[in-house]
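# Fold and geometry: a report
These are the residues of each chain, in order.
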Amino acid sequence: MCDHDHTSGNVQLGAGISLEDGEKHAQAHVTWSRRQFLQGLGLATTGSAFGFGASTVRAFSTSPLLQSLSRSGTDRILVLVQLSGGNDGLNTVVPYTDPEYYRIRPSIGIPENSVLPLSAELGLHPSLVSFERLYQDGVMQVLRGVGYEDPSLSHFSSTDAWLTADSAKNIDSTGWLGRYLTQEYPEFISTNPTYPLALQLGNGAPLLFQGSASRMGIAFPNLALLNRFAADGAIFDESFAPSTSFGSELSFVKSVANDSFQFAESIQAAANKGSNLVEYPSNLGLSGNLAVTAKLIRGRLGTNIYHLNLGGFDTHSNQLNRHQSLMQQLSDAIGAFMDDLKADGWDKEVLVMTFSEFGRRIYQNGSGGTDHGTSAPLFMFGGGVAGGLIGQQPSLTQLEPGGNLSYNIDFRGLYASILKDWFGLSESEVTSLITGSFTPVPILDSSFVTNTEPWAVPESVRLLTNYPNPFRDRTMIDFELERGQSVRIDVFDVAGKNVATLVNRPLQPGRHQIPFEAGSLRSGTYFMRLTTEKDVQTRSLSLVR
Amino acid sequence: MDEYTSPLTLYEARHLLRRTSFGAKPGEAEALAGRTAAEIVDVILAAATSAPLPKTPTWANDLIPPRSASSEVRAAFAQNNTAWRVELTVDWIQQMAKNRFRERLTLFWHDHFVTSYVDYLYSAWGYRYLNTLRTNAFGNFKDFVRLIGLDAAMLIYLDGNINNGNAPNENYARELMELFTMGPLNRDGIPNYTESDVQEIAKALSGWGLATLENWDVHFSYAAFDDGNKTFFGRTGEFGYDDVIDILFDERAEQIAYFMAKKLVTEFVYRDPNPALISAVSAALLSSNFEIKPALRVLLVSSAFFDSTVISAREKSPADLCIGHYVEMDIVPNDEQAEFVRRAIIPLDQTLLNPPNVAGWPGHRNWITTSTLAARWSTSDLIVRRYSEPDQILAFAESMTPTGSTSPAIDLALALAGHVLAVPLEWVEVAEIEEPFEGDLLNRPLPDWFLNGPAYQRNLVKIFLNGLPWYEWDLSIGGAADRIVQYLIRLSQFPEYQLM
């Protein structure tokens, strides 16, 4: 998995990759950082993107995934539960009949007679009582050995939500960011949604509320803020300021901050309309977060993706006690959540997935804990899942260099399957979000699979990069038509205002070049949208005076 | 207006550094606390005026190709010119993090004696303009006015170079008085000049121009000069450029001193300037014959400057925000980082070398709108996350952790908050986080002072720890830099962070 020949050229390496770096090297074997995960899923976007080497900064951008979702109009929901810090997969899904397990974990191994058996070889941590029940009901799926090749980050990024800036210090030149910036997928939507397409909760996440353009999602660092937002429609208390000069400036800034937050109405409405039909173990932590999520779902907020966080999994020491407490919380919270949704059938519309930015080392360390590792199991829940065990249990004896577990399910394949089968995105949309071909992962019951489109329809319009870009007065829009068809080209500013319609008529097949004169427009980013009968493509243009 | 003679507290020292030097580096305010304002201001003034000037760019004397040159040559020059301007701006940003007080003043003067590269085009003039600002930033204001009017960039920007005796152009004459020296009305609302003054002064200023094919310099052409009599401010004579400046400062000294004092107080203290402080600064300008240094000194050591109600009462400009991040973290931005700042502040409504109009950037509350605020959060996020190195972050955190600390997570989290937030921490709105602290609190209890202290402390530390048991934090643990980065980003997203 990790090719220790670090002279091989195609992966950008960061600090901590050479073996001398010890601990950092172990981290480098992050099978998937949260960011990579989200990138792979198409959720990570650039908060600021310079696109085409432009000199203007666009302060926020959207996720192509979110755009695809908004276009598809799906009601389905994905709830991502991140176990932040690196969950110890080996003590979560325990190979309780493998003597090697007990040999390498003499004091922190889970005793054979206390695991909750799932099969003849694997069992759950004893605290995952609800998981066992859900498994028996056929609504839980265990994916084993989920991982990632070619780790290109040397640190976990615990805060990367799909609406925030790219956290990679080492930009892989052919990587996600590069692809997005040169790719066809738009950063533009023609209408502002009234509800967030994605909602992130917890993990002290960056409070990034998008401004005038691209308002697609919302992130709350903690539940208290979401609750306050739902109750008051505002995050900041403008009256909490002294009546002095700086107090008045403080109130002013807070009022602008409050005005910057969108979706207040839809979130308040959903929170009021929604309810919980079961009692949750707690109104704090993961349990509290899931309770609110269920409420918003039931209240028909419309959000497609929820991303929640349970912290504290970085169990370098005293793992048995701490991990047990976490497993308990996880089990109770998800159990309550699934029961809540099932009570009125919402469980058929929701897919829950737990993941962690990496697993842990198979060997215990000297403090009764474990250090950062690689692949790990992952759980999926929902009325639509196929249930059972997928993938192969990684061997404890045939290890990757560095003493880490191998992987056999590439998480990108998992995401591709989610996008296609659960959200019903087309094949071409999925491949443009996740490049490369991956073995599909059969998560869903066949009756729940939505997308039946077998192959990508060949494109009838090929949009090339406009030139020059950035430009000062004029740029040329360049495209090719496979066949004659009606074409319309509009140009929008970041606020979504149409500033020009360049073309709106049938055109002959072949190459076309249409100039766009900037006239008296201000410097900044603009979006050009080419619409044909079957297709919409967008490019961003950068005007620099 | 009294001088503030008490030894400065840490909080006051930070305030002084923020307002003069884009922020406080780690340990800087700590080292200055206990000294008086006068001591500190004298030191930073001396440093600002003795720091060597940046090197002359290699291209500063590259003339534009003649008309006879091929279009390829001319296109190449145009491209270079843009690259040179970028270089000039990037250098300036780096200078702001190095010679902070001097460049802070240079930025102030850029916002006062405004020019825009969109008008003068050539970077060689941009460099000369910036150099004039820099060399006169702490000098004599009257000399400054004299020099800036003959700066090439200014001559083009305000039409001085086409102001000839046959068809005088009033643009510069008007702005000279309205914006650069005294404003249209004095403190009692009485006009400082008449339209006739503007027209007559324009005639006296005529004759100056540029001849770019030989050199970038400015020259006087008698043929373009109106050599007749002019009458303004009640004086008549065959006045020329220098006479205008002399007469202006003779006849309107008080008005100029008042106007400039008010501008300085508004910029460096509060947007609603204290009248007593304006008077004191104005008096300093008058008694020193318009030396800027004594006026600044009076301002910076005044009790009005250290009035607690104006500390953190200023909205950060985009430059304050971005440079401030780097100064706070003790990082001098490298080329890539400075280039990012150059571009990032543009959608925040501040393009260096290109203010929106001759009145400069409106500033203050105008910096904060629903679109710029979200963009600021995003910019802060990028600066701390992507345009800083993990090593730098760790070194910064190390310098902020007291040696021998027995609870480094707590000490670091609180130290960072106090370091980067200008608003007093008890006024920072930190949402209550109900989730408890993680870990074995029975055997590793949190310190009593912390448990019994104000709630905001516990909530800040919870944000920092994010589920990590407090006793497990150490700068050497895996993901330490990331955790610090995340906390800094979170701090930068408090509305309080926008104030300085």
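Residues numbered from 1 in each chain as written. Chains lettered and ligands numbered in written order. Predicted model: local features only at pLDDT ≥ 70, side-chain atom pairs only at ≥ 80, totals over all residues. Heavy atoms only, no water.

To continue, consider the overall build of chain B. The helix and strand tally for chain B stands at 23 helices and four strands. Against the 2.2 N^0.38 benchmark of 23 Å for 500 residues, chain B shows a C-alpha radius of gyration of 26 Å, consistent with a compact globule. In chain B, the proportion of contacts linking residues at least 24 apart, taken out of those at least 6 apart, comes to 74%. By element, 49% of the accessible surface of chain B is carried by carbon and sulfur atoms, the whole surface being about 18,100 Å². (Helix = DSSP H or I, 4+ residues; strand = E, 2+ residues; numbered from the N terminus. Rg over C-alpha atoms; globule rule 2.2 N^0.38 Å. Contact = heavy atoms within 4.5 Å. Areas by Shrake-Rupley, 256 points an atom, 1.4 Å probe, with all protein chains shown as cover.)

Below, the discussion takes up the packing of helix α8 (residues 141-148) of chain B against helix α10 (residues 171-181) of chain B. Residues and elements named next belong to chain B. Contact pair α8 / α10: the axes reach a minimum separation of 12 Å and the direction vectors enclose 150 degrees. It follows from the interaxial angle that α8 and α10 lie roughly antiparallel. In this structure, α8 crosses over α10, and the sense of that crossing is right-handed. Taken together, the residues of α10 that come into contact with α8 (itself represented by Phe141, Val145 and Ile148) are Tyr172, Leu176, Phe180 and Thr181. When grouped by side-chain class, the residues that make up the contact of α8 with α10 number six nonpolar, one polar and no charged. (Axes fitted to C-alpha atoms, helices over the stretch in contact; angles between N-to-C directions. Parallel < 35°, antiparallel > 145°, perpendicular 65-115°, else oblique. Left-handed = near helix turned anticlockwise from the far one by under 90°. Nonpolar A, V, L, I, M, F, W, Y, C, P; charged D, E, K, R; others polar.)

All names here are of chain A. Strand order in the open sheet formed by three strands is β13-β14-β17, and the pairing between neighbours is antiparallel. Lying at the two open borders of the sheet, with one neighbouring strand each, are β13 (461-463) and β17 (510-517). Mean inter-strand twist for the sheet, computed between neighbouring axes without regard to direction, equals 25 degrees. By the bridge criterion, three bridges tie β13 to strand β14 (residues 474-481) in an arrangement that is antiparallel. Looking at the pairing, Arg462 lines up with Glu480 of β14. (Pairing = 2+ DSSP bridges.)

Residues and elements named next belong to chain B. Assigned domains within chain B: domain 1 (10-50 + 254-300), domain 2 (158-240), domain 3 (318-385) and domain 4 (390-498). The C-alpha centroid of domain 4 is placed 33 Å from the C-alpha centroid of domain 1. Each partner contributes residues to the interface: domain 1 has six residues there, and domain 4 has ten residues. Regarding the contact of domain 1 and domain 4, the summed buried area is about 580 Å², with carbon and sulfur atoms giving 49% of it. Considering only the side of domain 1, the residues that lose the most area to domain 4 are Tyr11, Arg18 and Pro26, jointly responsible for 68% of the buried surface there. Linking domain 1 to domain 4 there are zero salt bridges. Our enumeration of links across domain 1 and domain 4 arrives at four residue pairs in polar contact (both at pLDDT 80 or more). Residue classes in the side of domain 1 that touches domain 4 are distributed as three nonpolar, no polar and three charged. (Domains from an automatic or database assignment. Buried area = accessible area lost by both parts, 1.4 Å probe. Salt bridge = Lys/Arg side-chain N within 4 Å of Asp/Glu carboxyl O. Polar contact = N/O pair within 3.5 Å; in protein donor to acceptor, adjacent residues only side chain to side chain.)

Before going further, it helps to spend a moment on the packing of helix α12 (residues 241-251) of chain B against helix α13 (residues 253-268) of chain B. Each pair of packed helices can be summarised by the angle the axes make with each other and by the distance between the axes. All names here are of chain B. Following both chains from N to C, one finds α12 and α13 inclined at 85 degrees, their axes separated by 4 Å at the closest point. Here α12 is positioned roughly perpendicular relative to α13, judged by the angle of their axes. The segment α12 lies against α13, with Leu248, Phe249, Asp250 and Glu251 engaging Ala253, Gln255 and Ile256. Grouping the amino acids of the contact of α12 with α13 by side-chain chemistry returns four nonpolar, one polar and two charged.

Here the focus is the sheet that holds strand β3 (residues 116-117) of chain A. Residue and element names in this part refer to chain A. Read from one edge of the open sheet, three strands run β2-β4-β3, paired in antiparallel fashion. Because the sheet does not close on itself, it has two edges, and the strands there are β2 (93-94) and β3. In the sheet, β3 pairs with strand β4 (residues 123-124) via two bridges, with the strands oriented antiparallel. Following the sheet pairing, Leu116 is matched in β4 by Leu124.

Of all residues in chain A, 68% have pLDDT values of 70 or greater, and the mean over the chain is 71. Here residues 204-215 of chain A is a poorly scored stretch, pLDDT under 50, and it has 64 contacts once near neighbours within four places are set aside; other chains count. (pLDDT = per-residue confidence, 0-100.)

Our next topic: the nonpolar core. Counting residues in each nonpolar core, the largest one holds 242 residues, and the members touching the most others are Val79(A), Ile267(A), Phe337(A) and Trp109(B). If we skip the residues at most four places from it in the chain, Ile267(A) touches Pro196(A), Leu199(A), Ile218(A), Phe220(A), Leu226(A), Phe229(A), Ala230(A), Leu296(A) and Leu301(A). (Core = buried A, V, L, I, M, F, W, Y, C linked by side-chain atoms within 4.5 Å. Buried < 20%, exposed > 50% of the residue type's maximum accessible area, 1.4 Å probe, protein only.)

A word on the packing of aromatic side chains. Counted under the stated rule, the structure contains 38 aromatic pairs over all chains. Each ring, one from Trp109(B) and one from Phe113(B), has its centre 5.7 Å from the other, and the planes form 20 degrees; the classification is stacked. Here Phe113(B) falls in the buried class, since its relative accessible area comes to 0%. Taken together, Phe108(B), Trp109(B), Phe113(B), Phe141(B), Phe144(B), Tyr172(B), Phe180(B), Phe249(B), Phe268(B) and Phe290(B) form an aromatic cluster joined through their ring pairs. Here the basic side chain of Arg76(A) rests over the ring of Trp422(A), its NZ or CZ set 4.3 Å away from the ring centre. (Phe/Tyr/Trp six-rings, centres within 6.5 Å; stacked < 30°, edge-to-face > 60°. Lys NZ or Arg CZ within 6 Å of the ring centre and 35° of its normal.)

What follows is about the environment of Ser406(A). Residue and element names in this part refer to chain A. Position of Ser406 among the secondary structure elements: in the loop between β11 (388-390) and β12 (409-410). In this structure Ser406 comes out as buried when scored by relative accessible area, which is 18%. Along the primary structure Ser406 and Gln324 are separated by 82 residues, whereas in three dimensions their C-alpha atoms are 25 Å apart.

Bringing the environment of Gly383(A) into the picture now. Residue and element names in this part refer to chain A. Positionally, Gly383 belongs in the loop between β10 (376-381) and β11. Given a relative accessible area of 19%, Gly383 falls into the buried group. Gly383 sits 124 residues away from Leu507 along the chain, and the two C-alpha atoms are 48 Å apart. Every residue in contact with Gly383, bar those within four places of it in the chain, is listed here: Val139, Asp347, Lys348, Val350 and Phe448.

What follows deals with helix α14 (residues 275-287) of chain B. In an α-helix, one turn spans 3.6 residues, which is why side chains three or four residues apart end up on the same side. Residue and element names in this part refer to chain B. For α14, with 13 residues, the first-to-last C-alpha span of 18 Å sits near the 18 Å given by 1.5 Å per residue. For α14, the set of buried residues is Leu277, Ile278, Ala280, Val281, Ser282, Ala284 and Leu285. As for α14, its buried residues are in contact with α13 and α15 (292-300). Of the residues that open α14, the one with a side-chain oxygen 2.8 Å from the backbone nitrogen of Ala276 is Asn274. Phi for Asn289, located one or two positions after α14, is positive at around 55 degrees. (Expected span 1.5 Å × (residues − 1).)

Right, let's get into the side chain of Thr354(A). Within the secondary structure, Thr354(A) sits in strand β9 (residues 350-356). Apart from the residues lying within four places of it in its own chain, the contact partners of Thr354(A) are Val81(A), Leu83(A), Ile334(A), Leu378(A), Phe379(A) and Phe381(A).

Taken together, Asp232(A), Asp237(A), Glu238(A) and Asp259(A) make up a surface patch of like negative charges. Its location among the elements puts Glu238(A) in the loop between α7 (223-232) and α8 (245-260). (Patch = residues over 30% accessible without salt bridge, like charges linked within 9 Å, V, L, I, M, F, W, Y side chains within 5 Å. Lys, Arg positive; Asp, Glu negative; His and termini not counted. Charge placed at Lys NZ, Arg CZ, Asp CG, Glu CD.)

Let us now look at α15(B). Among the residues making up α15(B), those that are buried are Ile292(B), Ala295(B), Leu296(B), Leu299(B) and Leu300(B). Here the buried residues of α15(B) occupy an arc of 125 degrees about the axis, which is enough to place them on one side. (Arc of directions from axis to C-beta.)

A few words now on the environment of Tyr326(B). All names here are of chain B. Inspection of the secondary structure assignment puts Tyr326 in helix α16 (residues 318-328). Residues Tyr326 and Val281, spaced 45 residues apart in sequence, show a C-alpha to C-alpha distance of 31 Å. Every residue in contact with Tyr326, bar those within four places of it in the chain, is listed here: Ile331, Pro333, Gln337, Val341, Ile383, Tyr387 and Ser388.

Before going further, it helps to spend a moment on unusual backbone geometry. Each neighbour pair has its own omega, and for Tyr467(A) with Pro468(A) the value is -10 degrees, a cis peptide bond. Mapped onto the secondary structure, Pro468(A) falls in the loop between β13 and β14. Positive phi values are uncommon outside glycine, yet Asp349(B) reaches one of about 80 degrees. Relative to the elements of secondary structure, Asp349(B) occurs in the loop between α17 (335-344) and α18 (370-385). The class of Asp349(B) is partly exposed, set by a relative accessible area of 40%. Backbone geometry places Leu353(B), a non-glycine residue, at a positive phi of 70 degrees.

Another aspect to go through is the pairing of strand β19 (residues 536-543) of chain A. Residue and element names in this part refer to chain A. The buried count for β19 comes to seven of eight residues, which makes it a mostly enclosed element. Strand direction decides the pairing type here: strand β18 (residues 524-531) and β19, joined by eight bridges, are antiparallel. Within β19, the position partnered with Thr525 by the bridge is Ser542. The hairpin turn running from β18 into β19, its antiparallel successor, is four residues long.

Once that is clear, we can look at the side chain of Ser282(B). Examined against the element boundaries, Ser282(B) turns out to sit in helix α14. Beyond its immediate stretch of four places on either side in the chain, Ser282(B) contacts Ala257(B), Tyr258(B) and Ala261(B).

The next subject is the pattern of salt bridges. The final tally for this structure, using the stated rule, is 32 salt bridges over all chains. Asp88(A) serves as the salt-bridge partner of Arg105(A), at 2.6 Å between the closest nitrogen and oxygen. Here Asp88(A) lies in the loop between β1 (77-83) and β2 and Arg105(A) lies in the loop between α4 (99-104) and β3, a separation of 17 residues in the sequence. Like Asp88(A), Arg105(A) is buried. Notably, a salt bridge pairs Asp490(A) with Arg488(A), separated by 2.8 Å at the nearest N-O pair. The class for Asp490(A) is buried, based on a relative accessible area of 2%. One network of salt bridges, in which partners are shared, links Arg228(A), Lys254(A), Glu429(B) and Glu496(B).

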